[in-house]
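# Examining the three-dimensional arrangement
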Amino acid sequence: SLWPKWCFLLCLVFEYGGETLQGPAYGPTSHPTASSSTPSSSSAFRHVVPSRQIVERQPRMLDFRVEYRDRNVDVVLEDSCTVGEIKHILENELQIPVSKMLLKGWKTGDVDDSTVLKTLHLPKNNSLYVLTPDLPPPSSSNSGALQESLNQNFMLIITHREVQREYNLNFSGSSTIQEVKRNVYDLTSIPVRHQLWEGWPPSATDDSMTLAASGLTYPCHRLTVGRRSSPAQTREQSEEQCTDVHMVSDSDGDDFEDATEFGVDDGEMFGMASSALRKSPMMPENAENEGDALLQFTAEFSSRYGDCHPVYFIGSLEAAFQEAFYGKARDRKLLAIYLHHDESVLTNVFCSQMLCAESIVSYLSQNFITWAWDMTKEANRARFLTMCTRHFGSVVAQTIRTQKTDQFPLFLIIMGKRSSNEVLNVIQGNTTVDELMMRLMAAMEIFSAQQQEDIKDEDEREARENVKREQDEAYRISLEADRAKREAQEREQAEQFRLEQIRKEQEEEREAIRLSLEQSLPPEPKKESTESVSKLRIRTPSGEFFERRFLASSKLQVVFDFVASKGYPWEEFKLLGTFPRRDVTQLDPNKSLLEVKLYPQETLFLEAKE
């Protein structure tokens with residue numbers, strides 16, 4: 001499109017000889033923003049005014065693509081220009097002094113700044129690159145700050161000029177200006193191409209730019225939006241006042257300006273565009289595990305709307321029921337089921353402004369178990385309706401089935417009862433923060449009344465169970481005491497029986513020994529015996545006496561055996577003499593009675609050993 005202009009300019013002839021007036025370089029330039037991670041391109045055109053005399057030779061235009069770090073600059077100029085003029089153009093574009101710049105990539109080797117391009121015999125298209133060995137490399141602090149800004153949340157205080165209503169909208173730093181405009185469309189019904197904005201920073205020149213890179217004031221920034229009177233007037237004002245196009249429309253506004261002529265609805269068109277911009281679905285289709293699906297849902301929700309959002313229960317719907325309804329009455333909560341739909345025009349506003357409001361997040365966290373599901377995919381929708389029929393009945397499932405896409409997202413408030421689960425409320429997406437809070441609080445009042453009854457019943461039941469447990473415990477203790485007493489008696493009886501058996505065995509053994517000793521005693525000598533006879537009189541511990549005659553030649557052991565045969569074994573009793581007092585059992589039992597002086601007669605007495 002520039003070629004006819006050049007032909008026209010070349011036909012101009014000034015009266016000054018071969019003198020050439022050189023004009024400044026100009027042309028549209030696209031500067032990369034701080035958020036750009038890919039090489040950006042800009043263009044510079046060298047405009048030369050022809051000499052006064054008619055030039056027979058038409059100048060030859062050369063195209064140069066100059067690369068510097070992450071930027072590409074397109075330079076177009078005549079072959080009569082010098083290398084130094086290219087550097088001066090690059091100085092304006094790259095903000096690098098000519099003295100610090102080395103222009104490389106020439107086919108003929110290095111050239112100086114005074115070299116005329118025509119003498120290099122260059123082709124039409126050329127590629128060069130700039131080196132700056134004397135300049136330090138770019139600092140990474142800017143990219144680090146940008147990354148930090150991308151993770152921050154911006155509060156946009158947007159005033160709707162016509163109705164004098166103010167909206168406080170939270171957006172992550174990674175959201176684009178285009179997304180803000182589309183969310184404002186959902187709130188104000190002003191199509192993006194009809195929005196007239198005030199308050200955007202001068203650096204916000206592209207609707208695809210992120211909020212972090214647009215130069216917004218952190219954490220809050222004020223904007224004003226109104227409706228343009230008509231597209232024709234806006235175009236006329238743009239031509240007359242050279243107003244920044246961005247402040248009137250999005251970057252694709254011209255393409256959609258006359259969309260209504262073809263029967264395309266604004267909301268439908270931008271709903272499709274918004275859906276197309278989404279990077280990934282909220283939930284995988286046909287997910288085998290509900291817990292894994294909820295993990296992806298939570299991660300995607302955070303990436304879209306920020307970290308300030310309800311804490312979604314990770315697990316199956318049955319597990320959410322168990323957590324909310326089947327604990328102690330004091331610990332039970334309401335169950336909030338959030339049904340998401342990406343194709344609804346209300347979804348972005350509901351999620352970013354309702355669900356992510358700090359008051360809503362705090363109230364849900366304290367009083368609700370929040371479970372979520374994505375209804376965008378037909379398979380996931382059918383799966384939830386099956387779960388809904390199983391848990392809530394066909395009436396609730398049919399109610400959800402008949403909801404239109406634009407009525408989503410839905411917020412179901414479920415209360416667990418003794419025999420069933422009751423749906424207290426179905427909240428549609430076309431609500432406000434205050435209305436949502438009021439409906440949550442109303443559901444909480446109903447639940448609190450039911451919870452108090454459940455707590456009372458549970459306390460009474462626990463009291464009855466405690467009494468029964470105490471009675472059972474007392475009975476158990478009584479049984480254990482009786483059993484212990486019986487076992488003690490049985491043990492005592494068994495011990496007595498054992499001791500009695502031992503005693504009997506010992507007596508039997510003693511009796512057997514006594515009889516054996518009695519039988520082994522030599523016969524008692526008669527009174528008329530001519531042999532020397534010793535007469536011994538023995539007193540027992542009980543005071544009784546028994547006496548016997550022994551041959552004087554008999555051994556002392558015979559006396560011991562005699563005493564043992566009477567039931568007084570010498571191991572347990574000692575035999576004492578009177579005059580002198582002596583312990584006869586300590587004497588040698590193999591000596592005769594005559595040798596131990598127990599002749600002709602002696603009185604002895606028995607005494608138990610200690």
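Residues numbered from 1 in each chain as written. Predicted model: local features only at pLDDT ≥ 70, side-chain atom pairs only at ≥ 80, totals over all residues. Heavy atoms only, no water.

An unreviewed UniProt entry annotates the protein chain as UBX domain-containing protein of Chelydra serpentina.

### A short note on the layout of surface pockets
Selection criterion: The definitions used throughout rest on a 1 Å grid laid over the protein atoms alone, on which a cavity is an enclosed set of points accommodating a 1.4 Å probe that cannot get out and a pocket is an open set flanked by protein within 12 Å on both sides along at least five of seven lines; lining residues are those having an atom within 4 Å of a point. Grid points are joined across faces, edges and corners, and a volume is the space filled by probe spheres set on the points. Numbering of helices and strands starts at the N terminus; helices are DSSP runs of H or I of at least 4 residues and strands are runs of E of at least 2. Under this grouping Gly is polar, as are all residues other than the nonpolar Ala, Val, Leu, Ile, Met, Phe, Trp, Tyr, Cys and Pro and the charged Asp, Glu, Lys and Arg.
The volume enclosed by the second largest pocket comes to roughly 690 Å³. Around the second largest pocket sit 28 residues that line it, and Asn168, Leu169, Gln353, Met354 and Val433 are the ones nearest its centre. For the lining of the second largest pocket, the leading source of residues is strand β9 (residues 165-172), giving eight residues. In the lining of the second largest pocket, the residues fall into 13 nonpolar, 10 polar and five charged.

### Quick look at the nonpolar core
If you look at soluble globular proteins, the nonpolar side chains tend to sit buried side by side. The condition is simple: For this analysis, a nonpolar core means a set of buried residues of the types Ala, Val, Leu, Ile, Met, Phe, Trp, Tyr and Cys, connected via side-chain atoms within 4.5 Å. Think of it in three bands: residues with accessible area under 20% of the maximum for their type are buried, residues over 50% are exposed, and the middle band is partly exposed, with areas taken using a 1.4 Å probe on protein chains only.
Counting residues in hydrophobic clusters, the biggest one holds 59 residues, and the most contacted among them are Leu335 and Trp371. With 22 residues, the next largest nonpolar core counts Leu62, Ile86, Leu103 and Leu128 among its residues.

### Observations regarding the sheet that holds β9
Stated precisely, the cut-off is as follows: Paired strands are those between which DSSP finds at least two bridges. Interaxial angles span 0 to 180 degrees and are taken between N-to-C directions of axes, which are lines fitted to C-alpha atoms, for helices over the stretch in contact.
In space, the four strands of this open sheet follow the order β9-β8-β11-β10, with mixed pairing throughout. The two strands at the open ends of the sheet, each matched to only one other strand, are β9 and β10 (195-198). Pairwise comparison of adjacent strand axes, ignoring direction, gives a mean angle of 30 degrees for this sheet.

### Examining empty space enclosed by the protein
Following the criterion strictly, the structure yields four cavities of 30 Å³ or more and no others. Its volume calculated, the second largest cavity comes out at about 50 Å³. Listed by contribution, the elements that provide at least two residues to the lining of the second largest cavity are α9 (317-325), β14 (410-416) and α14 (433-520). For the lining of the second largest cavity, the element with the most residues is α14, which contributes four residues. The residue inventory of the lining of the second largest cavity, partitioned by class, reads four nonpolar, three polar and three charged.

### Things to note about unusual backbone geometry
A cis amide bond links Phe408 with the next residue in sequence, Pro409, at an omega value of 0 degrees. As for its position among the elements, Pro409 is in the loop between α13 (394-401) and β14. With an omega of 5 degrees, the peptide bond between Tyr599 and Pro600 qualifies as cis. Among the structural elements, Pro600 can be located in the loop between β19 (582-583) and β20 (601-608). A positive phi angle, near 60 degrees, is found at Gln95, a position not held by glycine. Position of Gln95 relative to the elements: it lies in the loop between α2 (83-94) and β6 (102-104). In this structure Gln95 comes out as exposed when scored by relative accessible area, which is 65%. Unlike most non-glycine residues, Ser189 shows phi in positive territory, near 65 degrees. By the secondary structure assignment, Ser189 is in the loop between α4 (177-188) and β10. The class for Ser189 is partly exposed, based on a relative accessible area of 48%.

### Topic: the packing of aromatic side chains
Quick note on the threshold: When the centres of two rings from Phe, Tyr and Trp lie within 6.5 Å, Trp using its six-membered ring, the rings pair. Their planes under 30 degrees apart give stacked, over 60 give edge-to-face, and anything left gives tilted. For a Lys NZ or an Arg CZ to count as sitting over a ring, it must be within 6 Å of the ring centre and within 35 degrees of the ring normal.
Applying the stated criterion to the full structure yields 20 aromatic pairs. Their ring planes at 80 degrees and their centres at 5.7 Å tell us that Phe321 and Phe392 sit as a pair that is edge-to-face. A residue pair is termed long-range when its members are at least 10 positions apart, and Phe321 in helix α9 and Phe392 in helix α12 (residues 378-392) qualify at 71 residues. Taken as a pair, Phe321 and Phe392 share a single burial class, namely buried. Above the ring of Phe545, the side-chain terminus of Arg537 is found at 4.0 Å from the ring centroid.

### Observations concerning the pattern of salt bridges
Pairing between side chains becomes possible if they bear opposite charge and their charged atoms approach one another. Our working rule: Each salt bridge in this description consists of a side-chain nitrogen of Lys or Arg and a carboxyl oxygen of Asp or Glu lying within 4 Å of one another.
Inspection of the entire model under this criterion finds 28 salt bridges. Put simply, Glu166 and Arg222 hold a salt bridge, and the shortest N to O gap is 3.1 Å. Here Glu166, found in strand β9, pairs with Arg222, found in strand β11 (residues 220-227); they are 56 residues apart in sequence, far enough to count as distant. Taking the relative accessible area as the measure of exposure, Arg222 reaches 52% and is therefore exposed. Here Glu500 makes a salt bridge to Arg503, at a shortest N to O gap of 2.1 Å. With a gap of three residues between them, Glu500 and Arg503 both fall in helix α14, about one helical turn apart. The exposure class of Arg503 is partly exposed, given its relative accessible area of 35%. Several salt bridges converge on common partners, so that one network encompasses Glu300, Arg304 and Asp342.

### Thoughts on the packing of α9 against α12
Note the threshold: Between 65 and 115 degrees an angle is taken as roughly perpendicular, under 35 as roughly parallel, over 145 as roughly antiparallel, and anywhere else as oblique. We call two residues in contact when some of their heavy atoms are within 4.5 Å.
Where α9 meets α12, the axes come as close as 11 Å, and the angle between the chain directions of the two elements is 40 degrees. In terms of orientation, α9 lies oblique with respect to α12. Between α9, through Leu317, Glu318 and Phe321, and α12, the contact on the second element is made entirely by Met387, Arg390, His391 and Phe392. Classifying every residue of the contact of α9 with α12 gives four nonpolar, one polar and two charged.

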